[in-house]
Amino acid sequence: MTAGQLILNVNVLNTGIHTGSWQRTSEPPTAFADPGYYVRMAKIAERGTLDALFLADGPALREHPAIRPSQALEPSVILASVAAETEHIGIIGTLSSTFNDPVELAHRLLALDEVSGGRLAWNVVTTYSLPAGANFGLADYPDRHTRYRRAAEFVEVVRALWRDAADLGRRGISHQGEFFTVAGSLPQGPSAQGHPLLVQAGGSPQGRELAGRVADAVFSAELDLGAGIDHYRYVKDVAVAHGRRREDVKILPGLITTIGSTRAEADRRFDEQNVLLPPGQDLERLSQVLGEDLSGHDLDAPVPVRLLGEVGDPARFAASLGFRESVVRLIESRSLTLREAIREFSGAGHRVVVGTPVDVADTIERWFLAGAADGFNLMPDVFPDGLEVFVDEVVPLLRTRGLFRRAYAETTLRERLTGSIFPFAQLTLVKRA
Amino acid sequence: MTVALSVGVEVVGDGAGTPGGDARRPVRGIATLARRLEDAGVAYWVIGAERGEPTDATHATLDPSLLATVAARHTSTLGLVVAAAAHRDHPYNLARRLISVDHAAQGRAGWLALDFDHSTALNAATDTWAGAELGPVHTADAVAAVRTLWRTWPLESVVGDRSTGVFADTTQIRRADVHRGYRIAGPLNVPGSAQGDLPVWQQVFGGDAGSADGADVAVVEHGDPVPRGRPTVVRLRSIQRIGSVLERLSGDGEVAGVLVRLTLHALAPFLDGALPAARQRGLVAANPGGSPPIPTRPASLRQRLNLPVPQQPDLAAHALAFDSVPNPGGRL
């Protein structure tokens, strides 16, 4: 890793973040269920020397399948396919601490890290999804505090198993906690980078605490530069409070792009996509984030103040606190009407840029230099052309400005993201023969 | 009557250390091994079977579903059978991962359903999700749950109709509503397999064929009684005098194939010696990739092994997962 250089990941959200992406893509409708499709996207990203391919996930149907594809294939299988056919690009998978077993997941992810030659990061999420709960027989969905207590213990077990795997002594772990009792060792040794990196993606206070304490990177949702700077500092302060360096945790907000060679062309692309939205879907999305059905409200009146205050009971709030905070702050700072808020929120909580390659490069540079981001999780509107235009038109601009690499220099994702290698030589830790 | 036996292979260890591989790039070792098996006309590679056996579990170090995925991306006809237990894995996760491997392999994946995973058991003596005792009864529940999930979202329902804006025909998507052993609402969030369901292998101990009723293929150890009237493969743990063993099994009439466990050292003698010799004698099935090529190459593992898609579970009476297409809120 070189100081002053951006980190750019691509979030391959099936055929694109836009609901109508499946109607605009050059890929067939079944692409979302074909690991080969993800390999094709990874090869485009690797052509642009992007840092990593990121996958969102949850163990239930997220979107109504009449309307659009969801993330479907199990992420470790997608990432193993990508690892099998690429050389450099990092791979980041979202896997839930609520709907996995820590030993099984530690084993599988360390194997994936090994297979990829040390290119994996695990994005830890606690998952809020009632359908997922019903798929795992949960009579009562665990509240946020319970999920984060389980997540903290889950991560502790996984990390202990991974460190034990790198230890020549192989003493095994002995863990007894609220959720798990685990004794022993994984069957394998360490990967080329020791073990996978950790990414965190929740914007709640508990999520930011977990991120500052243990994560190598954070995938965040920011709509507003001021809020972006505040959250950036907050997480880095937590890291310092836990004895880490500020640069040990990278902050990577999502960035949705709709790119045209002129602004008029970009606007046209944006409008053509939005014609495909099912009626009312955008309002429903905003309703979900604010935790109230907005369908009866006047679209041209300001968003009611009572929807914007503190959440009464955060533990019971049935949606993402991070997304909500991001939206509320934007509405308050610009006194938006409901109609305006819906347009700003068209990216479901992530910032949307509609413009030319120069516009996109400018906003990336501005946020990076302002101390709001160490890089971005890119979310093209439609794959593959939304990614291709970024790689072919935006990446060269960022290279010319000295902000982004021209070639891959590091072998492992750990070296690329953190600038350091795993301390195999310390204590009894030894590299696998 | 002589039956041309199907040949499956289990390779001790992960395959990452295959000669010709590269320790720093495990993908190459796995791909090399998979292509070697494919070129020799092996019908399928069973990955990770040792996990089910306490004495051999230490040989298996990498997750079988990931090895199968890597192999899938570097082969075109080899079947890839993933060994996995509903031990620390919930059936929803198992169903999803296995069918994802099948999509990576374009209909060439299968599942060897184990009762126990000794590689990752650590101290867990029971199923870590339901707390159930591990054994054939629990495995049968898990197989039934996984099969049900595989059928909840048929691949054909993905129509992607741009003229109507309909992505998938939700009248074909049904709830799983599993209640035996687990409570699983469904549907699975991955569309179904191109080969119907993935074929399932399950070991039968002591001739108790009923314990693997939910499987497509029963596995028995060489020398154990062979169940009658159902597809059965015999596991051979040695290639000594394998020619005469294959001759006897091919004349048995009830044995559909063999599952040969090989160390890396035994690979060459078997693949280059015993297997072609047996094929020449008509004891084992032809090599679809051999010369001359077979004109109609089977597309899926199920087709290659002539395994019909089971009639059960039939989800026709299950509730639809989606009542209607949503249209909430107002139009802008």
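Remember, it's a predicted structure, so these values are computed and weren't measured experimentally. (Residues numbered from 1 in each chain as written. Chains lettered and ligands numbered in written order. Predicted model: local features only at pLDDT ≥ 70, side-chain atom pairs only at ≥ 80, totals over all residues. Heavy atoms only, no water.)

(A) Inspection of the overall build of chain A at higher detail. From N to C terminus, chain A includes 15 helices and 11 strands. Taking 22 Å as the expected radius of gyration for a compact globule of 433 residues, we find that chain A reaches 21 Å, a close match to that expectation. Burial status across chain A gives 63% buried among its 433 residues. Considering only contacts within chain A whose residues lie at least 6 apart along the sequence, 78% involve residues at least 24 apart. (Helix = DSSP H or I, 4+ residues; strand = E, 2+ residues; numbered from the N terminus. Rg over C-alpha atoms; globule rule 2.2 N^0.38 Å. Buried < 20%, exposed > 50% of the residue type's maximum accessible area, 1.4 Å probe, protein only. Contact = heavy atoms within 4.5 Å.)

(B) Seen up close, the pairing of strand E7 (residues 197–200) of chain A. All names here are of chain A. Burial along E7 is two-sided: the residues Leu 197 and Val 199 and Leu 198 and Gln 200 are all buried. Pairing geometry for strand E4 (residues 120–125) and E7, over four bridges, is parallel. By the bridge assignment, Val 124 is partnered in E7 with Gln 200. Pairing analysis gives two bridges linking E7 to strand E8 (residues 217–220), with the strands arranged parallel. Looking at the pairing, Val 199 lines up with Ala 217 of E8. For the crossover from E7 across helix H7 (residues 205–214) to E8, the handedness is right-handed. (Pairing = 2+ DSSP bridges. Right-handed = clockwise from strand over helix to strand, strands pointing away.)

(C) Molecular detail of the packing of aromatic side chains. For the structure shown, the criterion picks out 18 aromatic pairs over all chains. With 5.4 Å between their ring centres and 70° between their planes, Phe 32 of chain A and Phe 167 of chain B make a pair best called edge-to-face. Note that Phe 32 of chain A is positioned in the loop between helix H1 (21–24) and helix H2 (35–47) and Phe 167 of chain B in strand E6 (residues 166–168), a pairing that runs across two chains. In this structure, Phe 32 of chain A and Phe 167 of chain B share a single accessibility class: buried. Centroid distance Phe 54 of chain A to Phe 219 of chain A: 4.7 Å. Interplanar angle 70°. Geometry classified as edge-to-face. With a gap of 165 residues between them, Phe 54 of chain A in strand E2 (residues 52–55) and Phe 219 of chain A in strand E8 connect regions that are remote in the sequence. (Phe/Tyr/Trp six-rings, centres within 6.5 Å; stacked < 30°, edge-to-face > 60°.)

(D) Spotlight on the interface of chain A and chain B. Facing the 71 residues of chain A at the interface are 65 residues of chain B. Together chain A and chain B conceal approximately 5,700 Å² of surface at their shared face, both sides included; 64% is due to carbon and sulfur atoms. The tally of links between chain A and chain B comes to four salt bridges. Notably, a salt bridge pairs Arg 96 of chain B with Asp 57 of chain A, separated by 2.5 Å at the nearest N-O pair. Scanning the region where chain A abuts chain B turns up 23 residue pairs in polar contact (both at pLDDT 80 or more). Here the residues of the side of chain A that touches chain B are counted per class, giving 35 nonpolar, 20 polar and 16 charged. (Buried area = accessible area lost by both parts, 1.4 Å probe. Salt bridge = Lys/Arg side-chain N within 4 Å of Asp/Glu carboxyl O. Polar contact = N/O pair within 3.5 Å; in protein donor to acceptor, adjacent residues only side chain to side chain. Nonpolar A, V, L, I, M, F, W, Y, C, P; charged D, E, K, R; others polar.)

(E) Seen up close, H7 of chain A. Residues of H7 of chain A that are buried include every one of Gly 207, Arg 208, Leu 210, Ala 211, Gly 212 and Val 214 of chain A, and no others. For H7 of chain A, the elements touching its buried residues are helix H6 (144–165), E7, E8, helix H8 (225–241) and helix H11 (321–334) of chain A.

(F) Spatial organisation of the sheet that holds strand E10 (residues 257–262) of chain B. Residue and element names in this part refer to chain B. Strand order in the closed barrel formed by eight strands is E1-E2-E3-E4-E7-E8-E9-E10, with parallel pairing between adjacent strands. With strand direction ignored, the average angle separating the axes of adjacent strands in the sheet is 25°. Its contacts with the sheet put helix H2 (residues 64–73) on strand E2 (44–47) and strand E3 (79–85), and the angle it makes with E3 is roughly 170°. Sheet strands touched by helix H3 (residues 91–104): E3 and strand E4 (109–114). Its angle to E4, the strand with the most contacts, is close to 150°. (Axes fitted to C-alpha atoms, helices over the stretch in contact; angles between N-to-C directions.)

(G) Expanded view of the pattern of salt bridges. In total, this model carries 48 salt bridges over all chains according to the counting rule given. Two residues, Asp 392 of chain A and Arg 47 of chain A, come together in a salt bridge whose shortest N-O distance is 3.0 Å. Residue Asp 392 of chain A is located in helix H14 (residues 385–400), and its partner Arg 47 of chain A is located in helix H2; the two are separated by 345 residues in the primary sequence. A residue is classified by how much of its surface remains accessible, and Asp 392 of chain A, at 40% relative accessible area, is partly exposed. Given the relative accessible area of 46%, Arg 47 of chain A is considered partly exposed. Across the salt bridge formed by Asp 89 of chain B and Arg 97 of chain B, the nearest N and O atoms sit 2.8 Å from each other. For the pair Asp 89 of chain B and Arg 97 of chain B, a shared accessibility class is recorded, and that class is buried. Beyond isolated ion pairs, a larger network of salt bridges with shared partners links Glu 10, Glu 53, Glu 221, Arg 235, Arg 237 and Arg 261 of chain B.

(H) Looking closely at the confidence of the model for chain A. On average, residues of chain A carry a pLDDT of 91, and 97% of them reach 70 or more. Across residues 429–433 of chain A, where pLDDT falls below 50, the model places 16 contacts with residues more than four positions away in sequence or in other chains. (pLDDT = per-residue confidence, 0-100.)

(I) A look at the nonpolar core. Judged by nonpolar contacts, the single largest core of 166 residues is most densely connected at Trp 122 and Phe 390 of chain A together with Trp 45 of chain B. One finds Leu 283, Leu 294, Leu 307 and Phe 345 of chain A within the second-largest nonpolar core, a separate group that totals 19 residues. (Core = buried A, V, L, I, M, F, W, Y, C linked by side-chain atoms within 4.5 Å.)

(J) View of the environment of Val 284 of chain B. Take Val 284 of chain B: it is sitting in the loop between helix H6 (264–280) and helix H7 (301–304). When the C-alpha atoms of Val 284 of chain B and Glu 247 of chain B are compared, they prove to be 9.2 Å apart, with 37 residues separating the residues in sequence.

(K) Spotlight on H2 of chain B. Summarising burial for H2 of chain B: nine of the 10 residues are buried, a large majority. For H2 of chain B, the complete set of buried residues consists of Pro 64, Ser 65, Leu 66, Leu 67, Ala 68, Thr 69, Val 70, Ala 71 and Ala 72 of chain B. Residues of H2 of chain B that are buried make contact with helix H3 (75–85) and helix H4 (102–115) of chain A together with helix H1 (26–39), E2, E3 and H3 of chain B.

(L) Structural view of the packing of H7 of chain A against H8 of chain A. All names here are of chain A. Contact geometry of H7 with H8 gives a least axis separation of 7 Å together with a crossing angle of 55°. With respect to their mutual orientation, H7 and H8 come out oblique. As for how H7 packs across H8, the hand of that crossing is right-handed. In this structure, H7 uses Arg 208, Glu 209, Ala 211, Gly 212 and Arg 213 to contact H8, whose residues at the interface are His 231, Tyr 234, Val 235, Val 238 and Ala 239. Residues of the contact of H7 with H8, tallied by class, amount to five nonpolar, two polar and three charged. (Parallel < 35°, antiparallel > 145°, perpendicular 65-115°, else oblique. Left-handed = near helix turned anticlockwise from the far one by under 90°.)

(M) Representation of unusual backbone geometry. In this structure, Pro 384 of chain A follows Phe 383 of chain A across a cis peptide bond, with omega equal to -5°. Here Pro 384 of chain A is to be found in the loop between strand E11 (375–380) and H14. Note the cis peptide between Gly 186 of chain B and Pro 187 of chain B, where omega equals 0°. Here Pro 187 of chain B lies in the loop between E6 and strand E7 (200–203). Phi angles above zero are rare outside glycine, and Thr 127 of chain A is one such case at about 65°. Mapped onto the fold, Thr 127 of chain A is located in the loop between E4 and helix H5 (130–135). At Arg 170 of chain A, a residue that is not glycine, the phi angle is positive and equals roughly 45°. With respect to the helices, strands and loops of the structure, Arg 170 of chain A is situated in the loop between H6 and strand E5 (173–176).

(N) Fine view of the side chain of Thr 363 of chain A. Residue and element names in this part refer to chain A. Tracing the backbone through its elements, the reader meets Thr 363 in helix H13 (residues 357–369). By relative accessible area, Thr 363 is classed as buried at 4%. A polar atom in the side chain of Thr 363 sits 2.8 Å from the side chain of Arg 351. If sequence neighbours within four positions are ignored, Thr 363 has contacts with Arg 351 and Val 353.

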